[in-house]
Each structure stands twice: as C-alpha cells, then as structure tokens.
Amino acid sequence: MESLLNRVKQCDVCHNLPCGANPVFTAGALSKIVVVGQAPGRIVHETGIPWNDKSGDNLRSWMGIDKDIFYNTDFISLIPMGFCYPGTGKNGDLPPRKECAPLWHQQLLSNMPHVKLVILAGQYAQRFYLGKKAKSNLTSTVQNFKEYLPGFFPLPHPSPRNNIWQAKNPWFKIEVLPELKEEVNQILS
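What you are looking at is a predicted structure, and each value in this text was computed from that prediction instead of being measured.

Definitions and cut-offs
Residues numbered from 1 in each chain as written. Predicted model: local features only at pLDDT ≥ 70, side-chain atom pairs only at ≥ 80, totals over all residues. Heavy atoms only, no water. Phe/Tyr/Trp six-rings, centres within 6.5 Å; stacked < 30°, edge-to-face > 60°. Helix = DSSP H or I, 4+ residues; strand = E, 2+ residues; numbered from the N terminus. Buried < 20%, exposed > 50% of the residue type's maximum accessible area, 1.4 Å probe, protein only. Contact = heavy atoms within 4.5 Å. Pairing = 2+ DSSP bridges. Expected span 1.5 Å × (residues − 1). Bend = angle between axes of the 7 residues up to and from the residue. Salt bridge = Lys/Arg side-chain N within 4 Å of Asp/Glu carboxyl O. Axes fitted to C-alpha atoms, helices over the stretch in contact; angles between N-to-C directions.

Caption draft 1: Fine view of the packing of aromatic side chains. Enumeration according to the criterion identifies nine aromatic pairs in this entry. Pairing Trp62 with Phe172 gives two aromatic rings, centres 5.0 Å apart and planes at 70°, and the pair type is edge-to-face. A residue pair is termed long-range when its members are at least 10 positions apart, and Trp62 in helix H3 (residues 54-63) and Phe172 in helix H9 (residues 171-188) qualify at 110 residues. Residue class for Trp62 comes out buried when judged on its relative accessible area of 5%. The class of Phe172 is buried, set by a relative accessible area of 0%.

Caption draft 2: Spatial organisation of the environment of Leu103. Summarising the element assignment, Leu103 is placed in helix H5 (residues 100-109). Along the backbone, Leu103 and Val13 are 90 residues apart, and their C-alpha atoms lie at a distance of 9.8 Å. Filtering out sequence-adjacent residues up to four positions away, Leu103 remains in contact with Cys11 and Val13.

Caption draft 3: Looking closely at the pairing of strand E1 (residues 33-37). Buried residues dominate E1, accounting for five of its five residues. Summarising the sheet, E1 and strand E2 (residues 76-80) pair through five bridges and their orientation is parallel. Each residue of the ladder has a partner; that of Val34, found in E2, is Ser77.

Caption draft 4: Just H9, in detail. A rise of 1.5 Å per residue sets the reference length of H9, with its 18 residues, at 26 Å; its end C-alpha atoms lie 25 Å apart and thus fit the reference within 8%. A maximum bend of about 30° is found in H9 at Leu177, where proline Pro178 lies one to four positions downstream. What H9 keeps buried is the set Trp171, Phe172, Val176, Leu177, Leu180, Val184, Ile187 and Leu188.

Caption draft 5: Quick look at the pattern of salt bridges. As enumerated under the stated definition, the model contains five salt bridges in all. The residue Arg42 makes a salt bridge to Glu46 at a minimum N-O spacing of 3.4 Å. With Arg42 and Glu46 both in helix H2 (residues 42-47), this residue pair falls four residues apart, about one helical turn. Between Glu147 and Lys135 there is a salt bridge; the shortest N-O distance is 2.8 Å. In this pair, Glu147 sits in the loop between helix H7 (138-143) and strand E6 (152-155) while Lys135 sits in the loop between helix H6 (123-130) and H7, placing the two residues 12 residues apart along the sequence. Residue classification places Lys135 among the partly exposed positions, given a relative accessible area of 32%.

Caption draft 6: View of the sheet that holds strand E5 (residues 117-121). Within the open sheet, the four strands sit side by side as E2-E1-E5-E6. Their pairing is parallel. Sheet topology places E2 and E6 at the edges, where each strand pairs with a single neighbour. Neighbour to neighbour, the strand axes of the sheet diverge by 20° on average, direction disregarded. In the packing of H3 onto the sheet, the strands contacted are E1, E2, E5 and E6, and the crossing angle to E1 comes to about 145°.

Limitation: the analysis is restricted to geometry and does not speak to function.
Structure follows, in structure tokens:
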C-alpha cells in the first residue's frame, strides 16, 4: 500500500492544471469507509488536507463524526474523483479530471479489504460507481439510497452551494441523514 500511495502522491498526469498537480487524498489498508468526493477545491489544494473546508464540515456533521475519526485512515479513506484542484470556471470549480478515477480508484480499493461502505458525495462519484443503476438525476438517486446499500451510500455534494437543494428537499435531513449516521456508527463501532 505504501508504494501505491507514493505513486498516487507523485502523479502528474494533469501537470498542466492552472495550479499544477497536487494530489490530495488519504487512504489506508484498514479503512472501513471510503468517501468518494469530486475534486479538491482551492483551499484544500493549498492546505493539502482533504475536505478541509465548509464542505468537509458539512460532511462530518452529516456522518456524525469528528475530525479525529474522519482523518484516521484506520477508519476512513478520502478519495476524490479528481485528485487535483481542476481550477475555476464561470460557475465555480471545474469538474474533476476524468483521468484520475480510472487510473487510481481500483488500485486503491483493492488494497483496502476491510471497506464496508463507499459514500458517494455528488453526481460524478455516483455516475462512476453506480453506472446504469443510478437514477435519472442526483435527487432520485439520493432519495432511493437504500437500493444501493450495503455497499454504497449516495449523497449530494455537501457544499454550502447545495443549501438551496437541501431547502427544496427537506426529506434529506429527515430521512437520509439519520440513516447515514446509523450506518457510519455501526461500521465504526
């Protein structure tokens, strides 16, 4: 696993990115939960700490865990669809680069035999992992989260930009988040 982690950290397939290649992730052979997000934002790129922003605060709250558990790779691995900050477009950060997940995800996951749950945060992760099993849109996929258990748990991206989505979908906080916390608690206890 150490050799693989070093290869991922040194990856420069996307060396032409506006801020350069800087893969930001965590992974450990003992992890029980893997969080698959989109791509690091600017703050995460600069600090080198995955989910080190408001989105991460939201995600940890949704999962019902603190930073000590979240950043402990004996419990949780944090693997984005795109490992490096993709830069900014007209409407915020650009989508994750398409090279990363096919290049690294299977190699990383095959070295994590204890994983019981993969949390899919956002549509990019859901499309990649659920494929044709995903519903026609993120809302329907998240609403039908039980169909993907026990292996996967689809969520919207926890960005504060999605507060409008949450306001339009109050069932998310009432029905989905308690189930997520229960799943995470059972796996980690």
